[in-house]
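# Commentary on secondary and tertiary structure
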Amino acid sequence: MDLDHARALWSELAGVPVEFTSPTAVVTAPGSRLCPPGWAGIVRIGDAAVVTAPHARGAEALRAAVRELASAELVDPVRLGVALSGTGAPVLDVLGPATLSYLDRDAFVPALPEGAGTTVERAAPGEPALTALLAGAGKGDADESGLDEITSFAFLLREAAGGSAAEDGDGAGNRPGDVVAAAGYVTWPRSVAHVCVLVAPHRRGRRLAGIVASAAVSHALDAGLLPQWRARPYPSRRVATALGFRELGAQLSVRI
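Right, let's walk through the structure included here. In this text the structure is predicted, and so the values were computed from the model without any measurement.

Moving on, we get to the environment of valine 82. One can find valine 82 in helix H4 (residues 77-85). Separated by 22 residues in the primary sequence, valine 82 and glutamate 60 place their C-alpha atoms 16 Å from one another.

Dropping the structure here:
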C-alpha cells in the first residue's frame, strides 16, 4: 500500500531509526534528509508523523510541541510556531508546508498531447535546451522544480513553429524549438520516483505541465517505481490530482 511505502521512505530519510507512531516520535538527527541541514523536519503521512531535530535542545522543544498538537497541526507553521514560542526555541524560518502525493499504476490518468506540435521528446538530463529553460525561469522556480537533479531522462515539450507548444499564443520569450516545459524524476530510496516539473513562466496555465509530467510518470511506473509529487502552490497540486495522484501527507521544515 502507498501509505506504508511512503512511511518507509521518510523513516529511512530521517537518518536514524524512527517510525510513524502515536504519539509522534521526535528524534535528534543532525543528518536528517527531511529538512535542510541545521533545521527541524516534520513529515506527516496519513494520521501519523515523524519529527527530526538538529540537536538535543531542539528535540526537547519539539517534544513539548508534540504533546500539544495533533499530527495534522504539526505541519501547520502557525500552530507549530505558537506551540514552540514558549519553549525557548522559537521558529526563525519556515520552508513549506508542501503536500506529499503518491500514485498507483491503476489510478494513473495520462495527460496526452493535444494537436500538432505537442510531441514530448526524451533527452539526457544535461540537454542544453533544458538548461536554457531553467535559466529563463529564474533561480527560485528552477530550484523549486528540482529538474537540475533528475536521474531520469528529461521529457521535453518544445515551442512549435508558427505557434505555441499547445495553444496559439504570442510566442513571447521563445523561438520555435525552444523548450517550454520539462519533467523528469529523481530516484529516491525505497524505489520512489520524485517527480520534477517546470513550465516557462509565460506558458503556464495551458496544461503543459500535465503533458510532460505524464510522460515522466509513465516512465517511472514502467520502471517499477512509486511516483511521488511534492507541491506547495495550488496549481501544482491540481496537476498532480488530474494525473491520479492522491495526497497522503505533508512536509514542513523549520529553523529553530
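Right, let's get into the packing of aromatic side chains. For the structure shown, the criterion picks out 2 aromatic pairs. With a centroid separation of 5.6 Å and 80 degrees between ring planes, the pair formed by tryptophan 10 and tryptophan 188 is classed as edge-to-face. Separated by 178 residues along the polypeptide, tryptophan 10 in helix H1 (residues 2-13) and tryptophan 188 in strand E7 (residues 179-188) bring together distant segments of the chain. Neither tryptophan 10 nor tryptophan 188 differs from the other in exposure class; each is buried. Ring geometry for tryptophan 229 against phenylalanine 245: centres 5.4 Å apart, planes inclined by 65 degrees, an arrangement best described as edge-to-face. Of this pair, tryptophan 229 sits in strand E9 (residues 226-231) while phenylalanine 245 sits in the loop between helix H8 (234-243) and strand E10 (246-255), and the two are 16 residues apart along the sequence. You'll find tryptophan 229 and phenylalanine 245 in the same group, each marked buried. Across from the ring centre of phenylalanine 153, 4.3 Å away, lies the NZ or CZ of arginine 122, which sits over that ring.

Another aspect to go through is the state of the cysteines. In total, this model carries 0 disulfides according to the counting rule given. You can see cysteine 35 has no disulfide; the closest cysteine sulfur is in cysteine 196, sitting 19 Å from it.

Walk down a regular strand and you will see the side chains alternate between the two sheet faces. For strand E2 (residues 40-45), the tally of buried residues reaches 6 of 6 residues, placing the bulk of the element in the interior. Residues Ala40, Ile42 and Arg44 line one face of E2 and the alternating positions Gly41, Val43 and Ile45 line the opposite face, and both faces are buried. Where E2 and strand E3 (residues 48-53) come together, 5 bridges link them in antiparallel fashion. Bridged to valine 43 within E3 is valine 50. Between E2 and the antiparallel strand that follows it, E3, lie 2 residues; glycine 46 among them carries a positive phi value of about 65 degrees.

Moving on: the sheet that holds strand E1 (residues 25-28). Paired through their backbone hydrogen bonds, the strands of a sheet run either parallel or antiparallel. Read across the sheet, 10 strands follow the order E1-E3-E2-E10-E4-E9-E8-E7-E6-E5 without closing on themselves; strand pairing throughout is mixed. For this open sheet the edge positions go to E1 and strand E5 (121-123), each flanked by a neighbour on one side alone. Direction aside, the axes of adjacent strands within the sheet are offset by 25 degrees on average. Across 3 bridges, E5 lies against strand E6 (residues 154-158) in antiparallel orientation. In the strand pairing of E6, alanine 123 is matched with alanine 154.

Now for the nonpolar core. Looking at soluble globular proteins, one finds that nonpolar side chains tend to be buried together. Counting residues in hydrophobic clusters, the biggest one holds 62 residues, and the most contacted among them are Trp10, Ile45, Tyr102 and Trp229. Non-local contacts of tyrosine 102, meaning those with residues more than four positions away in its chain, are made with Asp2, Ala6, Leu9, Trp10, Ile45, Leu226, Pro227, Gln228, Gly244, Phe245, Arg246 and Leu248. If you look at the next biggest cluster of nonpolar residues, it comprises 22 residues, including Ala53, Ala61, Leu74 and Ala83.

The next thing to look at is the side chain of serine 152. Summarising the element assignment, serine 152 is placed in the loop between helix H6 (139-145) and E6. Here tyrosine 185 takes part through its backbone nitrogen, which lies 2.9 Å from a polar atom of the side chain of serine 152.

There is about 1400 Å³ of room inside the largest pocket. Along the walls of the largest pocket sit 50 residues, with Glu144, Ser145, Val197, Arg230 and Ser236 positioned nearest its centre. Broken down by secondary-structure element, the contributors of at least two residues to the lining of the largest pocket are strand E4 (93-102), H6, E7, strand E8 (192-199), helix H7 (208-222), E9, H8 and E10. Here the residues of the lining of the largest pocket sort into 28 nonpolar, 9 polar and 13 charged.

What counts and how
Residues numbered from 1 in each chain as written. Predicted model: local features only at pLDDT ≥ 70, side-chain atom pairs only at ≥ 80, totals over all residues. Heavy atoms only, no water. Helix = DSSP H or I, 4+ residues; strand = E, 2+ residues; numbered from the N terminus. Phe/Tyr/Trp six-rings, centres within 6.5 Å; stacked < 30°, edge-to-face > 60°. Buried < 20%, exposed > 50% of the residue type's maximum accessible area, 1.4 Å probe, protein only. Lys NZ or Arg CZ within 6 Å of the ring centre and 35° of its normal. Disulfide = S-S within 2.5 Å. Pairing = 2+ DSSP bridges. Axes fitted to C-alpha atoms, helices over the stretch in contact; angles between N-to-C directions. Core = buried A, V, L, I, M, F, W, Y, C linked by side-chain atoms within 4.5 Å. Contact = heavy atoms within 4.5 Å. Polar contact = N/O pair within 3.5 Å; in protein donor to acceptor, adjacent residues only side chain to side chain. 1 Å grid on protein atoms, 1.4 Å probe; cavity = no way out; pocket = protein on both sides within 12 Å on 5 of 7 lines; lining within 4 Å. Points joined across faces, edges and corners; volume = space filled by probe spheres on them. Nonpolar A, V, L, I, M, F, W, Y, C, P; charged D, E, K, R; others polar.

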